[in-house]
Amino acid sequence: MLQVKGGSFGYTPEKAILNNITFTLKEREILAVMGPNGVGKTTLLKCLMGILKWQSGHSKLDGKDSSEARIKIGYVPQAHQFSFPYSVLDMVVFGRAKYMSVFATPGKEDYRIAKEALEEVGILHLSDKSCNRLSGGQLQMVLIARALAGEPRLLILDEPESHLDFYNQLTILEIIKRLTKEKKIACVMNTHYPNHAIKVADQVLLLNDCKSVFGKPIEVLTQENVRAYFGVDSAIVRTRILGKEISTFVILNQSLSENEPGGARIEHKIVC
Amino acid sequence: MILAKKDIKSMDGQKRIANKLLALFGLLIVVMILSLFLGRYSIRPDEVVRLFKGRMLLESYSDLKVAEHIIFDVRLPRVLIAALVGAGLSIVGASLQGIFQNPLVSPDILGVSSGAGFGAALGILLTSGAGLITAGLSFFFGLLSVLLTLSLVRVKEHSQTMSYILAGIIVTSVFTALTSLIKYVADTEDQLPSIIFWLMGSFANKNFDDLQLIIAPILIGILGLTALRWRLNILSLGDEEAFSLGINPKRIRIAAILFSTVITAACVMASGIIGWVGLVIPHICRQLFGVEHDTLLPTSSLLGASFMVIVDCAARNLTSAEIPIGILTALIGAPFFALIYSRMKGEV
């Protein structure tokens, strides 16, 4: 459904931040994009949405170039304060803008779809509240509902669980997973939590300055890859809790290479 | 079932807004009629009614000749111009605040007032009067200043709101300096006072010719902005989010800026520089009717029109010499704004 082939992008001509990104994502699949800070995770999302243009390569959604298929992409930004405290329902109706002509205002049908989206994420009761008076978790739900109101085929989320407590992190992840399966959409999300990737993602794209790996979470988040991409020693532990087989990602230490004995490094550099 | 119930509720909401608009329109009509009675030359309400009846029946009353002249040639055009300018400046303030995602933006943010002010000062310097040439120059330089601002913005590839505001500051300061230069070389007996009075803003000595000059640009601008009102919500979320919601933020922003500029330039052309209205009225309307631009734009223009008619009424009635309206809008607007701001507990 979503195909990215040889995608490259750089903010300056000399240095590309994304190099030859290639992956395919099927319907009902969730892709978790992982990698150290500043490696281009958000840039990748922007390229997928067409806010930034690929310098080489392309991404296709249902066979169409993704800049043309923009109407089928729903984007969920990180929760933030708004300049004007719109009500929750108004905010979700904004997701209908792409189906409306420039001079139109939303009609009954648009409000109905917006309310359905709110019910889908379970916050219909917040309809009349001001967006700037919500908790971080509630606001994230509003933004997801807004994307859903646009009836997307592909949902793109920028660190949807950041700044949330454990309970809300799980709620958001469960909602994302449920929607992806039920609505037959595909979903791309950035995350910093390996355990979240293992829990909900079907595929993981691991990014670093010049390379990337793509595959199933357990196969990608190996000891070697995590050391090479993050400079951290790790392990995936399988345990049985209450009769359930659970894979957990455990972070051990910052890994030290031989030529820097004893010194903990602040920045991890990969050699291209 | 839940959805059905909620639907009824949202229909009620639309009806409520329609009622509020109707109430604001009623207020405007009442205020306009009252300000026809009030003035140095007192005219009784029944005389006004008789005069209007006379106009409609094409009759004239010899005992009311002076009153007829005052009502139809002096007060009526003046009240209509004040209402148009108030509506125009308020809707522009509300729109630009949305576009630039900042509730502290006022209509002159892109330099239009300083440009139009310079044009008028130039006109007074060249023709020693506030005639058609002065008005034309004012309108022309108002438009030119915003085009200059926009061309400065285009230099930067990522047209973020900050670069608009910076470009506006640059253009404003150039035209303010040029206006000062004109004041410096102007004849101190005659030209300088009229430049200064003009810049302070006034609806004095306006007639139907002035009304004809501004009615088209202001109404076209108001209609244009009203048509775009719902899209302004989405622009107010920022460019990237607007883009991700499937709209083209650049095109809508340019359209809204052009409509705003035409309105503001026409307002300055008609009545000089009148501050505060475009800042205060949208704020009051946000408090009263909510932040959504769908309702904010029409309510702002109606309330702005009433406010301007009231302030103009005060300007010509408070003292025997007329107070420039720019002074009054600031004197009334600023404390009023302080009051709202403190009631909002610092939350803008």
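Please refer to the structure placed before this passage.
The following refers to the structure shown. Computed from a predicted model, the values in this text were never measured in an experiment.

**Some remarks on the overall build of chain B**
Along chain B, the regular secondary structure elements total 14 helices and zero strands. Counting from the amino terminus, chain B carries its helices and strands in the arrangement α-α-α-α-α-α-α-α-α-α-α-α-α-α. Against the globule reference of 20 Å for 348 residues, chain B gives a C-alpha radius of gyration of 21 Å, in line with a compact fold. The principal-axis extent of the C-alpha atoms belonging to chain B is close to 65 × 60 × 40 Å. The 348 residues of chain B split such that 52% are buried. For chain B, restricting intrachain contacts to residue pairs at least 6 apart in sequence, the fraction spanning at least 24 positions comes to 76%. Accessible surface for chain B amounts to roughly 15,900 Å². Of this, 68% is attributable to carbon and sulfur atoms. Looking at charge distribution, chain B has the averaged site of its 27 positive side-chain charges lying 8 Å from that of its 23 negative ones.

**Observations regarding the state of the cysteines**
With the rule as written, the count across this model stands at zero disulfides over all chains. Left unpaired, A:Cys187 is separated from the closest cysteine sulfur, that of A:Cys47, by 18 Å. Free cysteine: B:Cys313, not disulfide-bonded; nearest cysteine sulfur from B:Cys267 at 19 Å.

**What about the packing of helix 12 (residues 277-289) of chain B against helix 14 (residues 325-343) of chain B?**
All names here are of chain B. The geometry of helix 12 relative to helix 14 is characterised by a closest axis approach of 10 Å and an angle of 35° between their N-to-C directions. Where helix 12 crosses over helix 14, the two elements pack in a sense that is left-handed. Every residue of helix 14 that contacts helix 12 at Val277, Val280, His283, Ile284 and Gln287 is listed here: Thr329, Gly333, Phe336, Phe337 and Ile340. Here the contact of helix 12 with helix 14 is built from residues that sort into six nonpolar, four polar and no charged.

**Re the sheet that holds strand 6 (residues 73-76) of chain A**
Residues and elements named next belong to chain A. Taken in spatial order, the six strands line up as 6-7-8-3-9-10 in an open sheet, and their pairing is mixed. In this open sheet, the two edge strands, each paired with only one partner strand, are strand 6 and strand 10 (212-215). Direction aside, the axes of adjacent strands within the sheet are offset by 15° on average. Helix-sheet contacts for helix 1 (residues 41-49) involve strand 3 (30-34), strand 6, strand 7 (154-157), strand 8 (186-190) and strand 9 (203-207), and the interaxial angle to strand 8 is about 150°. Sheet strands in contact with helix 4 (residues 136-149) are strand 6 and strand 7, and its direction is about 170° off that of strand 6.

**Side note on the nonpolar core**
What tends to happen in soluble globular proteins is that the nonpolar side chains get buried as a cluster. Residues A:Val92, A:Val121, A:Ile144, B:Val85, B:Phe100, B:Ile214 and B:Met308 are the most contacted members of the largest nonpolar core, which totals 144 residues. Here the element with the most residues in this core is helix 3 (residues 65-99) of chain B; it accounts for 18 residues. Core analysis: the next-biggest nonpolar cluster, separate from the first, contains 29 residues, A:Phe9, A:Val33, A:Val39 and A:Leu45 among them.

**Let's talk about the interface of chain A and chain B**
Each partner contributes residues to the interface: chain A has 36 residues there, and chain B has 34 residues. Summing the contributions of chain A and of chain B, the shared interface buries around 3,200 Å²; its carbon and sulfur component is 62%. The interface formed by chain A and chain B contains two salt bridges. With a shortest N-O distance of 3.1 Å, A:Lys46 and B:Glu240 are connected by a salt bridge. Where chain A meets chain B, there are ten residue pairs in polar contact (both at pLDDT 80 or more). Broken down by secondary-structure element, the contributors of at least two residues to the side of chain A that touches chain B are helix 1, strand 6, helix 2 (88-93) and helix 3 (108-120) of chain A.

**Overview of the packing of helix 3 of chain B against helix 8 (residues 208-227) of chain B**
Residues and elements named next belong to chain B. It is at 10 Å that the axes of helix 3 and helix 8 come closest, and there the two elements cross at 25°. What the angle tells us is that helix 3 and helix 8 run roughly parallel. Crossing handedness for the pair helix 3 and helix 8: left-handed. When helix 3 is examined against helix 8, the residues Phe72, Leu76, Pro77, Leu80, Ile81, Leu84, Val85, Ala87, Gly88, Ile91, Val92 and Ser95 are found in contact with a partner set consisting of Phe208, Asp210, Leu211, Ile214, Ile215, Ile218, Leu219, Ile222, Leu225 and Thr226. In terms of residue class, the contact of helix 3 with helix 8 is made up of 18 nonpolar, three polar and one charged.

**A closer look at the pairing of strand 7 of chain A**
Within a regular strand, the side chains alternate between the two sheet faces. All names here are of chain A. The alternating pattern of strand 7 places Leu154 and Ile156 on one face and Leu155 and Leu157 on the opposite face, and all of these are buried. With four bridges connecting them, strand 6 and strand 7 associate as parallel partners. In the strand pairing of strand 7, Gly74 is matched with Leu155. For the crossover that starts at strand 7, traverses helix 5 (residues 166-182) and ends in the parallel strand 8, the hand is right-handed.

**Some words on unusual backbone geometry**
All names here are of chain A. Phi at Glu159 takes a positive value of approximately 40°, unusual for a residue other than glycine. If you trace the backbone, Glu159 turns up in the loop between strand 7 and helix 5. Its relative accessible area of 14% is what places Glu159 among the buried residues. A positive phi angle, close to 50°, is found at Leu242, a residue other than glycine. On the secondary structure map, Leu242 appears in the loop between strand 11 (232-241) and strand 12 (244-254).

**Concerning the pattern of salt bridges**
Residue and element names in this part refer to chain A. Under the definition given, this model contains 23 salt bridges over all chains. Close ionic contact of Glu120 with Lys183 constitutes a salt bridge, the shortest N to O distance being 3.2 Å. With a gap of 63 residues between them, Glu120 in helix 3 and Lys183 in the loop between helix 5 and strand 8 connect regions that are remote in the sequence. Overall, Lys183 belongs to the partly exposed group, its relative accessible area being 38%. Between Asp233 and Arg227 there is a salt bridge; the shortest N-O distance is 2.8 Å. For Arg227, a relative accessible area of 38% corresponds to the partly exposed category.

Thresholds, definitions, all that
Residues numbered from 1 in each chain as written. Chains lettered and ligands numbered in written order. Predicted model: local features only at pLDDT ≥ 70, side-chain atom pairs only at ≥ 80, totals over all residues. Heavy atoms only, no water. Helix = DSSP H or I, 4+ residues; strand = E, 2+ residues; numbered from the N terminus. Rg over C-alpha atoms; globule rule 2.2 N^0.38 Å. Buried < 20%, exposed > 50% of the residue type's maximum accessible area, 1.4 Å probe, protein only. Contact = heavy atoms within 4.5 Å. Areas by Shrake-Rupley, 256 points an atom, 1.4 Å probe, with all protein chains shown as cover. Lys, Arg positive; Asp, Glu negative; His and termini not counted. Charge placed at Lys NZ, Arg CZ, Asp CG, Glu CD. Disulfide = S-S within 2.5 Å. Axes fitted to C-alpha atoms, helices over the stretch in contact; angles between N-to-C directions. Left-handed = near helix turned anticlockwise from the far one by under 90°. Nonpolar A, V, L, I, M, F, W, Y, C, P; charged D, E, K, R; others polar. Pairing = 2+ DSSP bridges. Core = buried A, V, L, I, M, F, W, Y, C linked by side-chain atoms within 4.5 Å. Buried area = accessible area lost by both parts, 1.4 Å probe. Salt bridge = Lys/Arg side-chain N within 4 Å of Asp/Glu carboxyl O. Polar contact = N/O pair within 3.5 Å; in protein donor to acceptor, adjacent residues only side chain to side chain. Parallel < 35°, antiparallel > 145°, perpendicular 65-115°, else oblique. Right-handed = clockwise from strand over helix to strand, strands pointing away.

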